[in-house]
Amino acid sequence: MKRLYRYMLKQFIPLLLMTTSICWFVVIMQFLWRYTNDFIGKGISIATLLEALIQVAKISLPTALPLGILLASLMTFGGLGERLELLAIKSAGVPLHRIMLPLIGVVAALSIGLFVFLNTIMMDAQVRFYQIAFSARYKQPDLEIPEGSFYNGISDYSIFVQKKNTKDRSLAGVMIYDLSEGFSNTRIIRADSGKLVMDASKTFLKLDLWRGESFQQLTHGLQESNQKVYSQDVARSYYKEHFAYKQIVIPFDANFELQSDEGLRNQFVGKNLRQLTAYIQDTARYALDSIGTKNADGIMERVLQDRNSSLSYSAQENNQEGFLLTDDNYRLLSLDSILTTLPPNQVETAMQNGIDQLKTLAQDAEGKFYEYDWQAYSYRTHDQERHRKFTFPVACLLFFFIGAPLGAIIRKGGIGTPMVVSVLIFILYYMVDTYGYKMGYHGEWKVWIGMWLSAFVLLPLGVFLTLQATKDSATLNLDAIIASIKGLFQPEKKREVSRRELIIIHPSAQIALQEVATAQKELAKLAANPFLHRALPRHNYLIELNRQFRVTNGQLNSMIDKLIDFDDLHVLSYLRELPAERRSFSSLIPRSKVIYLLLLPILPFSLPFILYLYHRKRKENKRKELLSTTLQKIDTYIREVYQIDSQE
């Protein structure tokens, strides 16, 4: 067993390293595509970009490792099955779970290591990467003014350049919209030529302009040392300036500075399991309870205040019927009394006041809801991060118990078929996991349900595949599945019939006719099934159709077994025209009527199944006609050649 374990480890570990590296690279590229726009054109140094790439690699590892384990286990056991090594090991009396035992230990150790990684290194990697990404997102982009279009990369300025010379950085046909003093005080500058230079500190841009003019509307007055002061009552006056040379200094910080990571450390991405648990139990739940209680009390108090202010009057001011005395010497007026006693204008005013109060109350409730929802969002994100530290390690174990038995069943090694199968399984996992995460993130589901939804889906699949592989089931044999799929689209094949080399008993013509007649009777019973006519696919019709298929097929095989020894070779040629054997109408029909009736209303599953049944019905009717025609040809030929009356 030790030698077997060493052999399994030698087969699995190199494949694991290779597949994890490939999946790791793919996940890193996919992650970088999401943040490409934040880093491109920002003048970030190579060292900073390299550091960001290292942090991305750390963040991507928990996603790549489960996929690598799935692919490596598929390739390992698929290769063993394809080379018949797995069959030889089982023949020696070693069950599948003993073969998987050393690899289970490796995957379990990787799962524990991944948990430690998520609780330590991953936390620091997320903080550092998002610190770099957010700093790059808010950094000014590199100055690259295009020709023939407005450039808005400089805050509060829009610059148009007709032509530019990249060697000396000179500009021709310059137009500038200066919005630094607000949109209402826009200044427009035009110049024949200019030159844009950054100062040594990379905090200012100096724009030298030659031969131009500027325009500015004087809506709020303007005062300069050599200009007249215009008062604010001059509504449509303009200030126009002609210049031979003018220099504009524009604030533009091109330096890259990292933002503080203190805010990220206080978020869920910067906390380990202990800190997340402490925050959820001590801070988040207390804050939610206190905000909920405060909001409920505030809304009730506001409703009562509005009700008393709207429906109460002083007892000294009004003494009409319909009032109820209270302890605070107020009388509450009923709605009927308001409609019958007050003038219409006062009723309208009161109703409008009520509408305004309801709108104010709705706005107040909406504000309180946003306050509560923000605290609930913080609670959910922290709780999701806490569950994430366990879901990735569990996914590694589940993927192994899916990949190993599935590889033993399909028996395909290499990287082609296992790669396709593993990608399909991982896409299913990723879709379910993302759906559960989003539902928990938005508060539609409980957090633990959304985070563990993918595990709930994968667990039955892993148990089913492990049981199938342990029993050496051929249910998921890839070659059989491919042959079945091809059979759906290929025409019916003829039977392979060959004459025996040694014939002991030659059947007579009467015996041959009896066998043909019996086969025709069974075929007539099969053709009498209501579903093969125009009836709906009822469960009893389909079950009877499958049973009659087996009986008819048995009779056809019995007839062929006797007629291949017939002396006349023409009969053998007719037998070869019979369509290929089919053991049942459809193996997909469940035996239980309850299961059939439960699955039939589920359209995503039942609609393809119904279409498949009618497709089989059409092909079976053609097959039945061919069988009936061929059997009639055999009967007619024997009677004509051997001169046997049809009444015999």
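What you see is a predicted model, and the numbers here were worked out from it, not measured in a lab.

## Remarks on the side chain of Lys 624
Its place among the elements puts Lys 624 in helix H18 (residues 603–641). An unpaired buried charge is present at Lys 624: no salt bridge exists, and Glu 625, the closest side chain of opposite charge, is 5.5 Å distant. Filtering out sequence-adjacent residues up to four positions away, Lys 624 remains in contact with Leu 523 and Ala 527.

## Side note on the UniProt feature "transmembrane region" (unreviewed entry) in the protein chain
UniProt tags residues 12–33, 101–121, 390–410, 416–435, 447–467 and 594–614 as "transmembrane region" (unreviewed entry). The annotated region residues 416–435 carries 100% helix and 0% strand content, and the separation between its end C-alpha atoms amounts to 29 Å. Regarding residues 447–467, the helix share stands at 100% and the strand share at 0%, and the terminal C-alpha atoms are separated by 31 Å.

## Here we look at the nonpolar core
Ranked by internal contacts, the top residues of the largest apolar core, which has 74 residues, are Phe 39, Phe 77, Phe 129, Phe 399 and Phe 400. Only helix H1 (2–34), helix H3 (46–82), helix H4 (85–91), helix H5 (96–119), helix H6 (121–137), helix H10 (344–410), helix H11 (416–441) and helix H12 (447–470) provide two or more residues apiece to this core. Ranked by the residues each element gives to this core, the list is headed by H3, at 16 residues. For Phe 400, the residues in contact, after removing those within four places along its chain, are Phe 12, Ile 69, Ser 73, Met 100, Leu 103, Ile 104, Val 107 and Pro 405. Core analysis: the second largest hydrophobic core is formed by 37 residues, Tyr 541, Leu 542, Ile 564 and Val 571 among them.

## Description of the side chain of Gln 55
Inspection of the secondary structure assignment puts Gln 55 in helix H3. The exposure class assigned to Gln 55 is buried, which follows from its relative accessible area of 9%. Apart from residues lying up to four places away in sequence, Gln 55 is in contact with Ala 125, Arg 128 and Phe 129.

## Focus: a positive patch on the surface
Taken together, the side chains of Lys 2, Arg 3, Arg 6 and Lys 10 present a region of like positive charge at the surface. The topology assignment puts Arg 3 in helix H1. Judged by its relative accessible area of 69%, Arg 3 is exposed.

Calculation notes
Residues numbered from 1 in each chain as written. Predicted model: local features only at pLDDT ≥ 70, side-chain atom pairs only at ≥ 80, totals over all residues. Heavy atoms only, no water. Helix = DSSP H or I, 4+ residues; strand = E, 2+ residues; numbered from the N terminus. Buried < 20%, exposed > 50% of the residue type's maximum accessible area, 1.4 Å probe, protein only. Lys, Arg positive; Asp, Glu negative; His and termini not counted. Salt bridge = Lys/Arg side-chain N within 4 Å of Asp/Glu carboxyl O. Contact = heavy atoms within 4.5 Å. UniProt positions renumbered as here; feature names shortened; annotations may be inferred. Core = buried A, V, L, I, M, F, W, Y, C linked by side-chain atoms within 4.5 Å. Patch = residues over 30% accessible without salt bridge, like charges linked within 9 Å, V, L, I, M, F, W, Y side chains within 5 Å. Areas by Shrake-Rupley, 256 points an atom, 1.4 Å probe, with all protein chains shown as cover. Charge placed at Lys NZ, Arg CZ, Asp CG, Glu CD.

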